[in-house]
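Remarks on the overall topology
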Amino acid sequence: MRRVYLDYAATTPLDREVLEAMLPYFSEKFGNPSSLHSFGREAHEAIETSREKVADLIGAKDNEIIFTSGGTESDNLALRGIAYLNRDKLKEKGPHIITSSIEHPAVLETCKDLEKEGFEVKYLNVDKYGLIDLDELQNSVTKGTFLISIMFANNEIGTIEPVEEIGKIAREYNVLFHTDAVQAVGKINVDVKKLPVDLLSISAHKIYGPKGVGALFVREGVKLKSIQTGGGHEGGTRSGTENVPGIVGLGEACRLAKIRMEDDNSRIKKLRDKLIKGILDSVEESYLNGHPEKRLPNNAHFRFTAIEGESLILFLDQKGIAASTGSACSSKKLKASHVLLAIGLSPVEAHGSLRLTLGRENTEEDVNYVLEVLPEVIGKLREISPLWREK
Amino acid sequence: MMSMYSKKVMEHFLNPRNMGVIEDADGVGTAGNPVCGDTMTIYIKVKNGRIVDIKFQTFGCAAAIATSSMITELAKGKTLEEAEKITRDDVADALDGLPPIKMHCSNLAADALKAAIEDCRKKRREK
Ligand code: FES
């Protein structure tokens, strides 16, 4: 059976070249980067080379990159690191963070946690496309606001937020700006030389690197309180012996992303557009979620009337197609995706959602195969569905 | 997700038995799932106090579809009194178990069947 992977927003396969680059650092060059001897120096050099590669991809300086265990840690470090530093300073004014209602749980749950610790958090609404409102942002700034955290691009519906404008507002009010760019890096141009961003989260496994490693860009001069105590690695910001093979993998993945991004993404975007058009044309009552233009080049997100997403995913899986959904039935908490609810869908509408995210390995045949299989599967599920008949 | 379901659940989910509508049903029952917002409808045809035909339609997850399919198999041929006693655990057991997080879906099937039986009785009384 044909197997078609369309879940690149969940994770990507490790690139062969990245694997090759990592391999020596498991057993041959195993040194601890903190050691003074040649084994240690070898590992240390590898880390510093990686730092340059990561910095190079996003236009940062080497000393602005901190390695972490992935996107979630980067988000935690950014939010908590800044928050804990400001708690006492802003005690009288009421320390205040602004974020959006469609953030990844790594940001959202961290904000909820910070609320319990006495911080105030404003969760900005989004419109039907998932875009925040810049006026609302501006009006939400209080005397105590010290941080704005808004994602670069949404992981579910692919909407790209107006990062530059957000950064300008942040600068104007003298507030720090963090952006979770886990989905954006490697897919669209992210250049911190041009963007007024102070902190930015990156994950390796979304860009054909290994799982369990990521980075946080922290602009020179921005201070963070470390959230993990120990031996003072990463300039004292992130203690813990460095994941050398992982970091080497992240560096190599960034180097390749920089070289390939343009070609890859114009090809992927063409396939994605064909997929969207094909599905909207061939499936009755199908709708595109997210913004028609301001969206990641590899993201397609749909809603089908009277369909439940988990059933849809499992049926597609039977046909070899790997995808994902925001349906309540498929979530651990049995709640519909907070992103889909935030863009105004009802829980029943959110049920029928399907996310297809493309990547380097996808071909035109893959798209044709999905266009052949999907309408059939939708038809079958609608036959089972009482909601379809009622109409 | 797939590995959390038993083979039997997957089999019933992919090839649901008795799926559809009975136009001239003697009883129709609908149940909604307050947990995730799903719905199921069961149609029964009754002769001499026995369920001679039964069909279902479900808007829900794989577990909900599989339990609907299974309950129609369990109920077919039974008297209304017997069918009424089918519990969500009977359905789950017949499917070789359900993941704990999906047990609530089997309520749907048991409730919809009970509602269909009630509906049938009510209609008979009215006649
Ligand atoms: S019907 Fe929603 S989880 Fe089973």
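Everything quoted here is computed from the prediction, not taken from an experiment.

The rules behind these values
- Residues numbered from 1 in each chain as written.
- Chains lettered and ligands numbered in written order.
- Predicted model: local features only at pLDDT ≥ 70, side-chain atom pairs only at ≥ 80, totals over all residues.
- Heavy atoms only, no water.
- Salt bridge = Lys/Arg side-chain N within 4 Å of Asp/Glu carboxyl O.
- Helix = DSSP H or I, 4+ residues; strand = E, 2+ residues; numbered from the N terminus.
- Buried < 20%, exposed > 50% of the residue type's maximum accessible area, 1.4 Å probe, protein only.
- Contact = heavy atoms within 4.5 Å.
- Buried area = accessible area lost by both parts, 1.4 Å probe.
- Polar contact = N/O pair within 3.5 Å; in protein donor to acceptor, adjacent residues only side chain to side chain.
- Domains from an automatic or database assignment.

1. Describing the pattern of salt bridges
Residues and elements named next belong to chain A. Under the definition given, this model contains 40 salt bridges over all chains. A salt bridge links R360 to D264, with the nearest nitrogen and oxygen atoms 2.8 Å apart. Of the two residues, R360 is situated in the loop between β12 (353-357) and α11 (364-384) and D264 in helix α7 (residues 244-282); the sequence distance between them amounts to 96 residues. Across the pair, D264 and R360 agree in class, each one buried. In the salt-bridge network here, residues are joined through shared partners; they are D15, E17, K53, E252, R255, R260, D264 and R360.

2. Structural notes on the interface of chain B and chain A
Each side of the interface is counted separately: chain B has 29 residues, and chain A has 25 residues. For the pairing of chain B and chain A, the buried interface totals around 2200 Å² over both sides, and the portion due to carbon and sulfur atoms is 66%. On the surface where chain B and chain A come into contact, there are one salt bridge. In this structure, the connection of chain B to chain A is made through 10 residue pairs in polar contact (both at pLDDT 80 or more).

3. A look at the domain arrangement of chain A
Residues and elements named next belong to chain A. Under the domain assignment, chain A is made up of domain 1 (4-11 + 261-389) and domain 2 (16-256). Using only C-alpha atoms to locate each centre, domain 1 and domain 2 end up separated by 29 Å. With 27 residues of domain 1 in contact, the opposing surface of domain 2 contributes 31 residues. Counting the surface domain 1 buries against domain 2, the share from its top three residues, M261, L296 and R360, is 25%. Applying the counting rule to domain 1 against domain 2 returns zero salt bridges. Our enumeration of links across domain 1 and domain 2 arrives at 15 residue pairs in polar contact (both at pLDDT 80 or more).

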